[in-house]
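Examination of the molecular architecture
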Amino acid sequence: MLTLYGFDVSNYHNMLKLGFALKGVEYTQVDTYPNQTKEYLQICPTGKVPALKTDHGVLIETNVILEYIDAMSEKNPLYPKDSFESARVKELVKMIELYIELPARRCHTEAFWGVPVHENTKKEVKRALFNGMQSLSRAASFKPYVAGDTFSAADIFFLYSVDLASSVAKKLFDVDLFEHAPGSKELMKRLNEMPEVIAISEARKAATPAFHAYLKEAFKSS
Ligand SMILES: N[C@@H](CCC(=O)N[C@@H](CS)C(=O)NCC(=O)O)C(=O)O
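Residues numbered from 1 in each chain as written. Predicted model: local features only at pLDDT ≥ 70, side-chain atom pairs only at ≥ 80, totals over all residues. Heavy atoms only, no water.

Looking only at helices and strands, the protein features nine helices and four strands. Relative to the compact-globule value of 17 Å for 222 residues, the protein shows a C-alpha radius of gyration of 17 Å, a close match. Expressed along its principal axes, the backbone C-alpha trace of the protein runs to roughly 45 × 45 × 30 Å. The buried share of the protein, taken over its 222 residues, is 45%. Within the protein, counting contacts between residues at least 6 apart in sequence, those at least 24 apart form 67% of the total. By element, 55% of the accessible surface of the protein is carried by carbon and sulfur atoms, the whole surface being about 11600 Å². In the protein, 27 positive and 28 negative side-chain charges are present, and the distance between their average locations comes to 5 Å. (Helix = DSSP H or I, 4+ residues; strand = E, 2+ residues; numbered from the N terminus. Rg over C-alpha atoms; globule rule 2.2 N^0.38 Å. Buried < 20%, exposed > 50% of the residue type's maximum accessible area, 1.4 Å probe, protein only. Contact = heavy atoms within 4.5 Å. Areas by Shrake-Rupley, 256 points an atom, 1.4 Å probe, with all protein chains shown as cover. Lys, Arg positive; Asp, Glu negative; His and termini not counted. Charge placed at Lys NZ, Arg CZ, Asp CG, Glu CD.)

Okay, structure coming up:
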């Protein structure tokens, strides 16, 4: 039995929802915002989401959980069988997380919630995103998928990281991140047309007002 802790607006949570949907693996979702309560920290040591409770214990970190659920079924492999090709996918996943998702995240409050970010941070993030997207462009294929002709976990990370990062870049810096990686815009469109991705996006839209209200309260009290 698998229990997924997270909420439908979280991009990392949605990476796992897509992984589960593609693999055809059943799970139960417990709606959870990131929090530092004693109860949740006993489940998830960081208090972040997502976390996956399994019969053997809890797993955290989205890339790790994706690898775990990929091994649960033969359907729609997220990593190639060949060990080198699989390592290449993991390399791309890590590049997207470290050099695109994480820098962009530093500006989420201003881009999405109207809470300003320091100008120095914005300068750093702008440069980091430019470098990150250029690096990804050199390492990735985008013909048509991130790692080549086959869909992989790198596409899941790309979809739910570069969408937010490109919004940050557009809103705060008036920069089109996709211009730095030929083929990336077409891939984003293709991925967003997948029925599983459309369903996840509908759930995200439905969950957004409650998350906005929750954040408003959180920002008020901080
Ligand atoms: N490296 C983690 C990142 C997860 C993460 O940052 N999740 C966000 C929600 S999208 C969160 O919990 N943020 C709250 C926090 O950082 O305390 C993963 O791969 O799962």
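A separate point is the nonpolar core. By size, the foremost hydrophobic cluster in this structure holds 56 residues, and its most contacted members are Leu66, Leu129 and Phe158. Of all the secondary-structure elements, those providing two or more residues to this core are α1 (11–23), α3 (62–70), α4 (83–105), α6 (119–139), α7 (153–173), α8 (184–192) and α9 (195–221). The leading source of residues in this core is α7, at 12 residues. The residues contacting leucine 129, other than those within four sequence positions of it, are Ile100, Pro103, Ala104, Ala165, Val168, Ala169, Phe173 and Leu177. Tyr5, Phe7, Cys44 and Val49 belong to the second largest nonpolar core, which has nine residues in total. (Core = buried A, V, L, I, M, F, W, Y, C linked by side-chain atoms within 4.5 Å.)

Taken as a whole and assessed by the stated rule, the structure comprises 14 salt bridges. Note that glutamate 74 and lysine 81 form a salt bridge whose closest N and O atoms lie 3.8 Å from each other. Per residue, the accessibility class of glutamate 74 equals that of lysine 81, and both read exposed. The partner of arginine 106 in a salt bridge is glutamate 124, with the nearest N and O atoms 3.0 Å apart. Here glutamate 124 lies in helix α6 and arginine 106 lies in the loop between α4 and α5 (108–113), a separation of 18 residues in the sequence. (Salt bridge = Lys/Arg side-chain N within 4 Å of Asp/Glu carboxyl O.)

Here leucine 2 lies in the segment before β1 (3–6). Note on leucine 2: relative accessible area 9%, which makes it buried. Spatially, the C-alpha atoms of leucine 2 and valine 49 are 15 Å apart, while their sequence positions differ by 47 residues. Apart from residues no more than four positions distant in its own chain, leucine 2 is found in contact with Phe20, Val25, Glu26, Tyr27, Thr28, Leu52, Lys53, Thr54, Tyr68 and Met72.

Right, let's talk about the site of the ligand for a bit. All residues in the neighbourhood of the ligand are listed as Ser10, Asn11, Tyr12, Pro34, Lys48, Val49, Pro50, Glu61, Thr62, Glu97 and Arg105. Measuring from an oxygen atom of the ligand, one finds a side-chain N or O atom of lysine 48 at 2.7 Å. Contact between the ligand and threonine 62: an oxygen atom at 2.8 Å from a side-chain N or O atom of the residue. Considered on its own, the ligand offers 500 Å² of accessible surface; in the complex 78% of this is hidden by protein. The set of elements that each furnish at least two residues to the shell around the ligand consists of α1 and α4. Looking at the shell around the ligand residue by residue, the class counts come to four nonpolar, three polar and four charged. (Near = heavy atom within 4 Å. Polar contact = N/O pair within 3.5 Å; in protein donor to acceptor, adjacent residues only side chain to side chain. Nonpolar A, V, L, I, M, F, W, Y, C, P; charged D, E, K, R; others polar.)

Attention now moves to the sheet that holds strand β3 (residues 51–54). With mixed pairing, the four strands of this open sheet are ordered in space as β2-β1-β3-β4. With one partner strand each, in any of the chains shown, β2 (28–31) and β4 (57–60) form the two edges of the open sheet. Strand-to-strand, the axes of this sheet are offset by a mean angle of 25 degrees, without reference to chain direction. Where β1 lies against β3, three bridges are found, and the strand directions are antiparallel. (Pairing = 2+ DSSP bridges. Axes fitted to C-alpha atoms, helices over the stretch in contact; angles between N-to-C directions.)

A few words now on the pairing of β2. Judged from the four bridges that link them, β1 and β2 form a sheet pairing that is parallel. Paired with leucine 4 across the bridge in β2 is glutamine 29. For the segment spanning β1, α1 and β2, crossover handedness is right-handed. (Right-handed = clockwise from strand over helix to strand, strands pointing away.)

On to the environment of methionine 72, then. By secondary structure assignment, the location of methionine 72 is in the loop between α3 and α4. Residue classification places methionine 72 among the partly exposed residues on the basis of a relative accessible area of 37%. C-alpha separation for the pair methionine 72 and lysine 23, spaced 49 residues apart in sequence, amounts to 7.9 Å. Residue contacts for methionine 72: discarding those within four places in its chain leaves Leu2 and Val25.

None of the figures reported here should be taken as evidence of function without further support.
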